[in-house]
Amino acid sequence: MDSYKRLNYYRLPPAEVCEELHSSATGLTAAEAKRRLDQHGHNVLHRTKRELPITTFGRQFKSLFVVILLISAAFALYLHDGKTATILIVIAMMNAAVGFFQEHKAETLLESLERLVLPRTRVLRDGRLQEIDSVELVLGDVVYIESGDSVPADLRILEEAELATNDFALTGESNPTRKFVHAIGADVPLNSRHNLVFMGTTVATGTAHGIVIATGMHTELGRIAGLSQVAKNEASPLQAEMNNLAKRLTIATVVLAAILTIVALQTNLGLKAALLFAIGISAAMIPNGLVAEVNITLAQTAARMARARALVKKLSAVETLGATTIILTDKTGTLTKNEMTVREILVGKEVYKVSGTGYEANGSLLGRTGKPLPKTKLTTLSLFFQTAALASNATVNPPDAEHATWYVMGDPTEGALITLAHKAKFDIAAAEAALPETKEFQFDSARKLMSSVRYDGKQTWVFVKGAPESVLERSVQLWDHGHIRKLQKADQTFFTTYNEDQATSAMRNLGFAYRVLPGKVALKDLKMDEVERQLTFLGVASMHDPLRSAVPAAMRAAAQAHIKVSVITGDYPTTAQAIANEAHLADDITIVLGEELPGLADSQIAELVAHGGTVFSRVAPEDKLRIVEIAKRSHQVVAVTGDGINDAPALKRADIGVAMGKTGTDVAKDAADIVLLDDSFDTLVRAAEQGRLTFLNIRKAARCALTDNAGELIVILISLTGYMWFHVPLAITAIQILAIDVIAEMFPITALGWDKSQRNLMRDQPRKLSDHILNKSAVGEFIMFGLLSAVLAYGNYLFYFVRHGLSPVYIDTTSSLYMHATILTYLTIVLCQFMNLLLVRSDEHSKFFSRYLWSNKKLLVAFGISLFCIVTIMYNPWVAPYFNAGPLSVGDWLTAV
């Protein structure tokens, strides 16, 4: 074959598929396989190139704030002002370092796609079965797979023996999918192409051999991986807000610095002094430490979230959660545990509840009174448990290095039955030894049951399990607690009604029956239709994938927080709706099938998502991606949860992708911004509260910083006016302004990241993206408080000379008195900023003097550190000259206070 065709192989019979691929059931020759490998490449998944550490570090310098700092530092170096340049560069490097280290730490979740391909696989080459590296598979290869194998490429099944695969990671289907050979006569979606098996899925039961129809990036897994890589990364709401703030301040800074530089030149200040003055203006206008403060606050929250079992891979994702308006959540593994558990059994016509969840036998069977059944009663029911266990092939294993909890090898449904037998204290090993299997008629979708034939040395037993209606159809008797009687029509109606009632409660039901054949029956005489008739019906086991216990409360919390939640799943609508009802998704739940989505307009989907309470069922990856795209175009902030390969494109495209840490595939974790280490939806909602608190604290920090900068700017403007009109030297220097931002201000403002809320933030509306930090109201506050602190600071500057009986006019700027006066200006501004910070912390509805004022112990420590640094600047003889500072007297301190 000369080109890579992508045909609907599921619609072709096996012989035609082999013909299209120029192959046969005996496979390819080694020479032909090598030619195709050279033509089409290796069977590997390509991923976007991993970012180098130096690139990650360089990206931290994209902020306009940082750009202005570096430009100002360059000017300072050009003017031989090394002190100012050094501080500006240190600030820029601090900003970059905080962001870099947090992102670099999260890189441990990458390089995952390659691990999904099995290293070795069995293939027919030159007519004989051999083992090769799976990366060397090519189109037309014939591959053998069996229970426990990972499928190494997309295959069209040529022959199979009771083959079922776990397609959950790809399609979202929670139960193993039974496969067959025959062609499908119509176009069907991916999750209904049951004569194909796909790369990245695993074999639950049975054996098969199939022909390779796609490799590498041409597989369904590769196509989804490609969608993940194409999905664009956009700025988070916080990044957009900080960019908006940076743009406004940058424009204002450039314009004002240019105007004031010209004015300074007109006052005969000199070119160098005027340019340094412009740098001072830039330093006053730009909140130099704000970027670092924001990153540190995000990192603090990320650390708290990690302790609460939510791993943050991208710093900005912390705050994005707080702005989230819509959550589109997966069902299996996110709302549920992805563990089949028997909850109830019906033996004869008596119901018994089963306690405990998961595959560990930590529960028991309960009678009508709700108490565990005694041993004698369990012995009476042992035939039921024997049938359930011996008609199952799965094994349940304890935790190990790769599994944190008990886990099942094989069909999860059969795993649940094995766990049921363990809870009933039934000795499976002894039963297996006493009743060795002689023949198994495996499950198929036509008769919807399976049977295990066993011989105990005297007679042949047939143990049957399957769909209750199919088992009932072949039953003629009913076992009822040791009594066997004829199965009546009323009995069949009773069991059918019970089955329907359980199904509407998201239960999966299996019926059980047995038959005893006289003596030992020869294998050649065992005919399926003959064996699976005249059965004695035992009862029904009802099981389901249990809802996580914290989900209903989390749903209520999300509703109170005005976050709209909808479910997107590959599962069946009945099951999905039952789980949604159990989770209290909404009072009025809307079900939308995947096949209905193409017929819905974007506006209809947007309305469904905005309203919440919608269950999108049997949804393909492209459809999930479309739903996310539509929600984002509606100006919503969208969080998407998922754990499967099929979720990766939507996780990447969402404002915030949230993957499951335990049950999630590595591909999903790779595409996500946050990984929930405990897979709990409740953790996600609590993380949203942390996001809201984070933005609140960042807004406090930003407003503090901008108010403080307004005070610094107004001091400079007043100083410039005093210099122009009265020849009074500037009241503060550029280096001192930088010292305010970096030394005095950064520690207390950073400590705001530890502030707790004074009210329940999860009762507020998510913040509107149009509500900017820098708005008219905020500007008014900046000017008012900035003017107040500037007047106090400049007044103290002038008052210093008055107290010393000197005139500030034409004062020598190299004298110690001038340095003392400027450092007094500096100290006054710092103390004003401390008071401003305490004011900003207080909720508008609370009293200033309250317990909350002293609730943040780290803030009090930060004040202490800042004061220590200020004292060091003033009194350390090696440090003071660097900042043009000098020691202040007690009277000076009292004046500042």
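Every chain begins its residue count from 1, and numbering advances along the sequence as written. For a predicted model such as this one, the threshold for reporting local features is a pLDDT of at least 70, and the threshold for listing and counting side-chain atom pairs is 80 or more; totals across whole chains, interfaces and linings nevertheless cover every residue. As a rule here, side-chain values cover all heavy atoms of the structure and leave hydrogens and water aside.

Things to note about the packing of helix H26 (residues 734-751) against helix H29 (residues 857-875)
The line we're drawing: To obtain each axis, a line is fitted to C-alpha atoms, and for helices this fit is confined to the stretch in contact; angles are then taken between N-to-C directions over 0 to 180 degrees. Numbering of helices and strands runs from the N terminus, with a helix taken as a DSSP run of H or I at least four residues long and a strand as a DSSP run of E at least two residues long. For this classification, under 35 degrees means roughly parallel, over 145 means roughly antiparallel, 65 to 115 means roughly perpendicular, and everything else is oblique. Pairs of residues are marked as contacts when any of their non-hydrogen atoms sit within 4.5 Å. Residue classes follow a fixed rule: Ala, Val, Leu, Ile, Met, Phe, Trp, Tyr, Cys and Pro count as nonpolar, while Asp, Glu, Lys and Arg count as charged, and any other residue, Gly among them, counts as polar.
Between H26 and H29, the least distance of the axes is 8 Å, while the angle of their chain directions is 175 degrees. Relative to H29, H26 is oriented roughly antiparallel. Together, Ile743, Ala744, Phe747, Pro748 and Ala751 of H26 and Lys858, Leu859, Ala862, Phe863, Ile865, Ser866, Cys869, Ile870 and Ile873 of H29 make up the contact between the two elements. By residue class, the composition of the contact of H26 with H29 is 12 nonpolar, one polar and one charged.

Let's talk about helix H14 (residues 412-423)
The test is simple: Here the expected length of a helix is defined as 1.5 Å per residue gap, with one fewer gap than residues. Classification of residues uses two cut-offs on accessible area relative to the type maximum, computed with a 1.4 Å probe and protein chains only: under 20% is buried, over 50% is exposed, and between them is partly exposed.
In a regular helix each residue adds 1.5 Å, so 12 residues correspond to 16 Å; H14 covers 16 Å between its end C-alpha atoms and thus fits that length. Buried residues dominate H14, accounting for 11 of its 12 residues. For H14, the complete set of buried residues consists of Pro412, Thr413, Glu414, Gly415, Ala416, Leu417, Ile418, Thr419, Leu420, Ala421 and Lys423. A positive backbone phi angle near 60 degrees is found at Lys425, which sits one or two residues after H14.

A closer look at the packing of helix H25 (residues 681-726) against H26
Packed helix pairs are characterised by how far apart their axes lie and by the angle those axes make with each other. This is how the line gets drawn: In a left-handed crossing the near helix is turned counterclockwise from the far helix by less than a right angle, and in a right-handed crossing that turn is clockwise.
At their nearest, the axes of H25 and H26 sit 11 Å apart, and the two run at 155 degrees to each other. Between H25 and H26, the interaxial angle falls into the category roughly antiparallel. The handedness of the crossing between H25 and H26 comes out as right-handed. On H26, the residues touching Ala701, Cys704, Ala705, Asp708, Asn709, Glu712 and Ile716 of H25 are Ile737, Ile740, Asp741, Glu745 and Ile749. Within the contact of H25 with H26, the residues separate by chemical class into seven nonpolar, one polar and four charged.

Some details on a nonpolar patch on the surface
For clarity, the threshold we go by: Residues forming no salt bridge and having over 30% relative accessible area are the ones grouped into patches, like charges within 9 Å of each other and nonpolar side chains (Val, Leu, Ile, Met, Phe, Trp, Tyr) within 5 Å. Residue exposure ignores everything except the shown protein chains as possible cover, and the areas themselves are Shrake-Rupley values with a 1.4 Å probe. By definition here, a salt bridge exists when the distance from a side-chain nitrogen of Lys or Arg to a carboxyl oxygen of Asp or Glu is within 4 Å.
Residues Met724, Trp725, Phe726, Val809 and Tyr810 make up a contiguous nonpolar surface patch of roughly 600 Å² in combined accessible area. Following the sequence through the fold, Tyr810 ends up in the loop between helix H27 (776-803) and helix H28 (816-841).

Concerning the nonpolar core
This is how the line gets drawn: Among buried residues, the Ala, Val, Leu, Ile, Met, Phe, Trp, Tyr and Cys ones that are joined through side-chain atoms within 4.5 Å form a nonpolar core.
Residues Ile732, Tyr797, Tyr826 and Phe883 are the most contacted members of the largest nonpolar core, which totals 56 residues. Contributions of two or more residues to this core are made by helix H4 (64-78), helix H5 (82-105), H25, H26, H27, H28 and H29. Take this core: its biggest share by element is 11 residues, from H28. Beyond its immediate stretch of four places on either side in the chain, Tyr826 contacts Ile732, Gln736, Ala739, Ile740, Ala744, Ile870 and Ile873. Counting 42 residues, the second-largest nonpolar core is a separate cluster that includes Ala639, Ile656, Leu684 and Ile698.

Description of the pattern of salt bridges
Overall, the coordinates contain 22 salt bridges when judged by the stated rule. Across the pair Asp491 and Lys349 runs a salt bridge whose closest N-O atoms are separated by 2.7 Å. Of this pair, Asp491 sits in helix H17 (residues 489-503) while Lys349 sits in the loop between strand S10 (341-347) and strand S11 (350-354), and the two are 142 residues apart along the sequence. Overall, the relative accessible area of 36% leaves Lys349 in the partly exposed class. Put simply, Lys465 and Glu414 hold a salt bridge, and the shortest N to O gap is 2.8 Å. Taken together, the positions of Lys465 in strand S17 (residues 459-466) and Glu414 in helix H14 put the pair 51 residues apart, joining distant regions of the chain. By relative accessible area, which is 7% here, Glu414 ends up buried. The network of salt bridges with common partners includes Glu32, Arg35 and Arg36.

Regarding unusual backbone geometry
In this structure, Asp126 takes a positive phi of about 55 degrees despite not being glycine. Backbone geometry places Gln534, a non-glycine residue, at a positive phi of 50 degrees. Examined against the element boundaries, Gln534 turns out to sit in the loop between helix H18 (528-531) and strand S21 (535-544). Accessibility expressed as a relative area gives 42% for Gln534, which makes it partly exposed.

Concerning the sheet that holds strand S24 (residues 614-617)
As a reminder, the rule being used: Only strands that DSSP links by at least two bridges are regarded as paired with each other.
The mixed open sheet is built from eight strands, whose spatial order is S8-S27-S26-S25-S9-S22-S24-S23. Of all the strands in the sheet, just strand S8 (310-312) and strand S23 (590-593) have a single pairing partner and so form its edges. Going from strand to strand, the sheet's axes swing by 20 degrees on average, the running direction of each strand aside. Both strand S25 (residues 638-642) and strand S26 (residues 656-660) contribute to a ladder of four bridges, which runs parallel. By the bridge assignment, Ala639 is partnered in S26 with Ile656. The strands touched by helix H21 (residues 602-611) are strand S9 (326-329), strand S22 (564-568), S23 and S24; relative to S22, the strand with the most contacts, the crossing angle is about 120 degrees.

Concerning the pairing of S23
Basically, it comes down to this: Here, the term right-handed applies to a crossover whose path from the first strand over the helix to the second runs clockwise when the strands point away from the viewer.
One ladder, built from four bridges, connects S23 with S24; its direction is parallel. If you follow Ile591 over to S24, its bridge partner there is Val615. Crossover connection from S23 via H21 to parallel S24: handedness right-handed.

Concerning the pairing of S21
The side chains of a regular strand alternate between the sheet's two faces. In terms of residue burial, S21 counts as a mostly covered element, since 10 of its 10 residues are buried. When strand S18 (residues 475-480) meets S21, the two strands line up parallel, connected through three bridges. Within S21, the position partnered with Gln477 by the bridge is Thr536. Summarising the sheet, strand S20 (residues 508-518) and S21 pair through seven bridges and their orientation is antiparallel. Bridging from a neighbouring strand, Gly511 pairs with Val540 of S21.

Some remarks on the packing of aromatic side chains
For any two aromatic rings, the description comes down to two numbers: the centre-to-centre distance and the angle of the planes. This is how the line gets drawn: Any pair of Phe, Tyr and Trp rings, taking the six-membered ring for Trp, is counted once the centres come within 6.5 Å. Such a pair is stacked with planes under 30 degrees apart, edge-to-face with planes over 60 apart, and tilted for the rest. Either the NZ atom of lysine or the CZ atom of arginine qualifies as a charge over a ring when it sits within 6 Å of the ring centre and within 35 degrees of the ring normal.
Counted by the stated rule, this structure contains 12 aromatic pairs. Seen in terms of ring centroids, Phe834 and Phe863 are 4.8 Å apart; in terms of plane orientation they differ by 50 degrees. Their pairing is tilted. Taken as a pair, Phe834 in helix H28 and Phe863 in helix H29 lie far apart in primary sequence, 29 residues in all. Each member of the pair, Phe834 together with Phe863, is buried. Three or more aromatic residues link up through ring pairs in this structure, and these residues are Tyr794, Tyr797, Tyr800 and Phe801. Taking the ring centre of Phe494 as reference, the NZ or CZ of Lys349 above it sits at 5.1 Å.

Description of helix H20 (residues 573-582)
Those residues of H20 that fall on the buried side of the exposure criterion are Ala576, Ala578, Ile579 and Ala580. At its buried positions, H20 is contacted by S24. Phi for His584, located one or two positions after H20, is positive at around 60 degrees.

Some thoughts on the side chain of Asn43
This is how the line gets drawn: In the analysis that follows, any N or O atom pair within 3.5 Å is treated as a polar contact, provided that within protein one partner can donate a hydrogen and the other can accept it, and provided that, for residues neighboring in sequence, both atoms belong to side chains.
Mapped onto the fold, Asn43 is located in the loop between helix H2 (30-40) and helix H3 (53-59). Here the side chain of Asn43 touches Gly216 through a polar contact of 2.7 Å, landing on its backbone nitrogen.

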